[in-house]
Amino acid sequence: MARLAVEPLEALARYQGEPALAAMRREFLPAVTDPVWRGLVEEFLTLDEPLTPYAHQCRRVWSFAASPGSGAHHAHIGGLALHVLQDLRNARALAEAHEARGLALDRGLLFAAIMLHDCLKRFVYDFDDDYALVKAEDPFIARHEDHHSWMLRELVARGVDRTLVLAVAAMHGLDDVSLASGVRPLAVVNHYLEIGLT
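Fair warning: this is a prediction, and the values are worked out from it, not measured in the lab. (Residues numbered from 1 in each chain as written. Predicted model: local features only at pLDDT ≥ 70, side-chain atom pairs only at ≥ 80, totals over all residues. Heavy atoms only, no water.)

Trainee: I'm lost on the overall build of the chain in this one. Help?
Mentor: When helices and strands are tallied, the chain shows eight helices and four strands. Beginning at the N terminus, the succession of helices and strands in the chain can be written as α-α-α-α-α-β-β-α-α-β-β-α. When the 198 residues of the chain are sorted by exposure, 49% land in the buried category. When contacts within the chain are restricted to residue pairs at least 6 apart in sequence, long-range pairs at least 24 apart make up 72% of them. Total accessible area on the chain stands at roughly 9600 Å², and carbon and sulfur atoms take up 58% of it. (Helix = DSSP H or I, 4+ residues; strand = E, 2+ residues; numbered from the N terminus. Buried < 20%, exposed > 50% of the residue type's maximum accessible area, 1.4 Å probe, protein only. Contact = heavy atoms within 4.5 Å. Areas by Shrake-Rupley, 256 points an atom, 1.4 Å probe, with all protein chains shown as cover.)

Structure, rendered in structure tokens:
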């Protein structure tokens, strides 16, 4: 999959996407102490071509810092990095609350899963000629073919251990998605707590 030129849109990443990606690497990547998991995160942040096939025609290959986040939230240049950074900051706050009550958490696993969970949006989302967001995926997460199910296939194809695969799967909620009705409303609320900041 050849990387397409996206200038001048890609250049807009310097305003939100690049600072968000730098903050992810500075604030959260050091907590991923498992060298395999850390290497995997770095690989997916810069991935040029996935290993596994995708049912839809991929529209473009964005850098992680420039990629839009979604149609429901962060639908702008740099939105993906900003969304993931906000997820990481929310998770850190929740982890601190749990740890303050004596509940142990594996922050390395938590942060690695969050950093990985939406990485393939870089291949799925784009803008049309009127700069409206367009997606090359089925309309409901985890219903059939989308960035999330593709990510899980990519991890399995790389032989990633079950613990990390399940953690990434849980990022969109193992109990929040049904095949009959798609994403449940509570999952949307939980996943996008900082939607107002975009």
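Trainee: Explain the packing of helix H2 (residues 35-45) against helix H4 (residues 107-117) to me, please; I cannot follow it from the model alone.
Mentor: Packed helix pairs are specified by the crossing angle of their axes together with the interaxial distance, meaning the distance between the axes. At a closest axis distance of 10 Å, the pairing of H2 and H4 adopts a crossing angle of 15 degrees. Put simply, H2 runs roughly parallel to H4. The two elements H2 and H4 cross, and the hand of that crossing is left-handed. Mapping the contact onto sequence places Trp37, Leu40, Val41 and Phe44 in H2 and Gly108, Leu109, Ala112, Met115 and Leu116 in H4. (Axes fitted to C-alpha atoms, helices over the stretch in contact; angles between N-to-C directions. Parallel < 35°, antiparallel > 145°, perpendicular 65-115°, else oblique. Left-handed = near helix turned anticlockwise from the far one by under 90°.)

Trainee: Hey, could you run me through the confidence of the model for the chain in this one?
Mentor: Predicted coordinates in areas of low pLDDT are best not read in detail. On average, residues of the chain score 80 in pLDDT, and 79% of them are at 70 or above. The model gives residues 175-198 a pLDDT under 50, and that stretch makes 40 contacts with residues more than four places away or in other chains. (pLDDT = per-residue confidence, 0-100.)

Trainee: Help me understand the packing of aromatic side chains, please; the structure alone is not making it clear to me.
Mentor: For any two aromatic rings, the description comes down to two numbers: the centre-to-centre distance and the angle of the planes. Overall, the coordinates contain four aromatic pairs when judged by the stated rule. With centroids separated by 5.0 Å and ring planes inclined at 85 degrees, the aromatic side chains of Phe28 and Phe111 adopt a geometry described as edge-to-face. Linking Phe28 in the loop between helix H1 (17-27) and H2 with Phe111 in helix H4, this pair joins segments that are 83 residues apart in sequence. Per residue, the accessibility class of Phe28 equals that of Phe111, and both read buried. When the centroid spacing of 4.2 Å and the interplanar angle of 20 degrees are considered together, the rings of Tyr54 and Trp150 count as stacked. A residue pair is termed long-range when its members are at least 10 positions apart, and Tyr54 in the loop between H2 and helix H3 (79-100) and Trp150 in helix H6 (residues 147-157) qualify at 96 residues. Taken as a pair, Tyr54 and Trp150 share a single burial class, namely buried. (Phe/Tyr/Trp six-rings, centres within 6.5 Å; stacked < 30°, edge-to-face > 60°.)

Trainee: Is there a simple way to explain H4 in this structure?
Mentor: Since the α-helix packs 3.6 residues into each turn, any two residues three or four apart lie on the same face. With respect to burial, H4 is a largely interior element, nine of its eleven residues being buried. For H4, the set of buried residues is Gly108, Leu109, Phe111, Ala112, Ala113, Ile114, Met115, Leu116 and His117.

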